[in-house]
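If you want the building blocks of each chain, they are given just below.
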Amino acid sequence: MSLSGFRQDAPSVAVIGAGLSGLSCARRLAAAGAKVTIFEKSRSLGGRCATRRWGDHIVDHGAQFFTMRNAEFQREMEALCGDELRPIDAPVVNLQGREISAGGPRWYHAMGNNRVGKALRGDLSVRMEALITRVERRDEGWDLGEGNGGGFAAVVCSAPLPQTLAVLGREPDLAALAPCLTAFFAYAGEWSGRSREVYARVDPVDDLAWSACENHKMGRIAPATTVFVAQASPGFSREFLEADPAEWAERLRKRLEERWELPRAAARDVFMHRWRYARYCREEAAVVSDLPPGLFVTGDAFSESRVESAWLAGRATAHEVLSSIQRR
């Protein structure tokens, strides 16, 4: 779908949030001929598809990997990222040692999974550190307040659901998204403990819900070091969300060393990160009803909490926006 009839006066669209769904939506809208501006409150792209350079290491502290089950998503990732896409060959297992299927290969970006967001941005216009707290309909179009501009034919909110609801002037459903306490742990020695045999060990109900060895992402970790990412369960994360990070990191470290048979004496460094809105935790996808014309919402809360699903949600919302504009 394109907006060929608007070539002389292309409609402007604001996208709030530069996570995967927002970037995917903006990219499709721009390809159709709309003038798109993305507003991102932080200093980075990709949302929870996040990466940190930690000393001499590159570590994903958000989405650990992504799948490419959808053919359109795979084509776009291959076109944008090319040879930087790498498969994770080692398995993910549960606490009983049984392999857990992802429905296809698990992939990562060689330079960090946040590079997926940077690739999706392309030459799109993005205003970083732009906090949008409200949207308001005026005669000339939608206004974003606080000097962020107005006259937008449409606005797409792609921020985490509680923030999106707040922007819309609705009561945030803070219980709908689970937090996730995340820590990196570095150990002396390459392939320390039982790290070589599997990529990750997972049990959603255990305090340490996910732990993965980043050495399986080749070229990311400095020599003579083994680095793990540990992510706590929603229950543990809620309990310790406001606690001293050193306290909850120590609890995760003990579980990590038990699970991977790591020597305590080899522990070298730790980094802690708190995701306040990590995963939509309702059984059914979120629904935001009675939106006025020209106002749209998207994100993984409206599909599944996966990188691929966020991209697909953004594409689907872009189609809705284009259809709405063409009907006017």
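Further up the page is the structure itself.
Report follows, based on the coordinates. (Residues numbered from 1 in each chain as written. Predicted model: local features only at pLDDT ≥ 70, side-chain atom pairs only at ≥ 80, totals over all residues. Heavy atoms only, no water.)

**A look at the sheet that holds strand β8 (residues 125-128)**
Moving on, step 1. Taken together, the five strands give an open sheet; going across it, the order is β8-β2-β1-β11-β17, and neighbouring strands pair in parallel fashion. Two strands close off the open sheet at either side, each with one partner strand: β8 and β17 (295-297). On average, each strand axis in the sheet is tilted by 20° relative to the strand beside it, whichever way the strands run.
Moving on, step 2. Sheet analysis places strand β1 (residues 12-16) next to strand β11 (residues 154-157), joined by four bridges and oriented parallel. Each residue of the ladder has a partner; that of Ile 16, found in β11, is Cys 157. (Pairing = 2+ DSSP bridges. Helix = DSSP H or I, 4+ residues; strand = E, 2+ residues; numbered from the N terminus. Axes fitted to C-alpha atoms, helices over the stretch in contact; angles between N-to-C directions.)

**Quick look at the pattern of salt bridges**
Moving on, step 1. A full pass over the atoms with the stated rule returns 22 salt bridges.
Moving on, step 2. Between Arg 134 and Asp 143 there is a salt bridge, and its shortest N-O distance comes to 4.0 Å.
Moving on, step 3. Overlapping salt bridges, with partners in common, bring together Asp 60, Glu 214, Lys 217 and Arg 220 in one network. (Salt bridge = Lys/Arg side-chain N within 4 Å of Asp/Glu carboxyl O.)

**A word on the sheet that holds strand β15 (residues 225-232)**
Moving on, step 1. Strand order across the open sheet formed by six strands is β6-β13-β14-β15-β12-β16, with mixed pairing between neighbours. The open sheet has two free edges, formed respectively by β6 (92-94) and β16 (267-280), since each of these has just one partner strand. Going across the sheet, the axis of each strand differs from the next one's by a mean of 20°, ignoring polarity.
Moving on, step 2. In this structure, strand β14 (residues 208-213) lies alongside β15, joined through five bridges in antiparallel fashion.

**Digging into the nonpolar core**
A general tendency of soluble globular proteins is for nonpolar side chains to be buried together.
Moving on, step 1. Within the largest apolar cluster, 37 residues are counted, with the highest numbers of intra-cluster contacts made by Val 13, Leu 29, Ile 38, Phe 66 and Val 321.
Moving on, step 2. For this core, the secondary-structure elements that each account for two or more residues are β1, α1 (20-31), β2 (35-40), α2 (71-81), α3 (114-121), β11 and α7 (307-327).
Moving on, step 3. Considering each element in turn, this core owes the most residues, seven residues, to α7.
Moving on, step 4. Not counting residues up to four positions away in its chain, the partners in contact with Val 13 are Leu 29, Ala 34, Lys 35, Val 36, Thr 37, Phe 152, Ala 154, Val 156, Val 321 and Ile 325.
Moving on, step 5. Counting 24 residues, the second largest nonpolar core, distinct from the first, contains Ala 14, Leu 161, Leu 177 and Val 297. (Core = buried A, V, L, I, M, F, W, Y, C linked by side-chain atoms within 4.5 Å. Buried < 20%, exposed > 50% of the residue type's maximum accessible area, 1.4 Å probe, protein only. Contact = heavy atoms within 4.5 Å.)

**Brief notes about the packing of aromatic side chains**
Moving on, step 1. On inspection of all chains with the given rule, the structure shows ten aromatic pairs.
Moving on, step 2. On the basis of an interplanar angle of 90° and a centroid distance of 6.1 Å, the ring pair of Phe 39 and Phe 152 is categorised as edge-to-face. Linking Phe 39 in strand β2 with Phe 152 in the loop between β10 (141-143) and β11, this pair joins segments that are 113 residues apart in sequence. Side by side, Phe 39 and Phe 152 carry an identical accessibility label, which is buried.
Moving on, step 3. Geometrically, the ring pair formed by Phe 65 and Trp 210 is tilted, given 6.0 Å between the ring centres and 35° between the ring planes. One end of the pair, Phe 65, is in the loop between β4 (57-60) and α2; the other, Trp 210, is in strand β14, with 145 residues separating them in the sequence.
Moving on, step 4. The lysine or arginine in question, Arg 106, covers the ring of Phe 65, its NZ or CZ lying 5.3 Å from the ring centre. (Phe/Tyr/Trp six-rings, centres within 6.5 Å; stacked < 30°, edge-to-face > 60°. Lys NZ or Arg CZ within 6 Å of the ring centre and 35° of its normal.)

**A word on the side chain of Ser 24**
Moving on, step 1. Along the chain, Ser 24 turns up in helix α1.
Moving on, step 2. By relative accessible area, which is 1% here, Ser 24 ends up buried.
Moving on, step 3. A distance of 2.7 Å separates a polar atom in the side chain of Ser 24 from the backbone oxygen of Trp 311.
Moving on, step 4. When neighbours within four sequence positions are excluded, Ser 24 is seen to be in contact with Trp 311, Gly 314 and Arg 315. (Polar contact = N/O pair within 3.5 Å; in protein donor to acceptor, adjacent residues only side chain to side chain.)

**A look at the packing of α1 against α7**
Moving on, step 1. Relative to each other, α1 and α7 sit at 40°, their axes nearing to 7 Å. With respect to α7, the axis of α1 lies oblique. As α1 runs across α7, the sense of the crossing is right-handed. Contacts from Leu 20, Ser 21, Ser 24, Cys 25, Arg 28 and Leu 29 in α1 reach Val 307, Ala 310, Trp 311, Gly 314, Arg 315, Thr 317, Ala 318, Val 321 and Leu 322 in α7.
Moving on, step 2. Classifying every residue of the contact of α1 with α7 by side-chain character gives nine nonpolar, four polar and two charged. (Parallel < 35°, antiparallel > 145°, perpendicular 65-115°, else oblique. Left-handed = near helix turned anticlockwise from the far one by under 90°. Nonpolar A, V, L, I, M, F, W, Y, C, P; charged D, E, K, R; others polar.)

**Some thoughts on the environment of Ala 130**
Moving on, step 1. Relative to the assigned elements, Ala 130 resides in the loop between β8 and β9 (136-138).
Moving on, step 2. In the structure, Ala 130 is positioned 73 residues away from His 57 in sequence and 30 Å away in space, judged by C-alpha atoms.
Moving on, step 3. In contact with Ala 130, not counting residues within four places along its chain, are Phe 39, Glu 40, Lys 41 and Asn 148.

So far we have only geometry, and geometry alone does not tell us how the molecule works.
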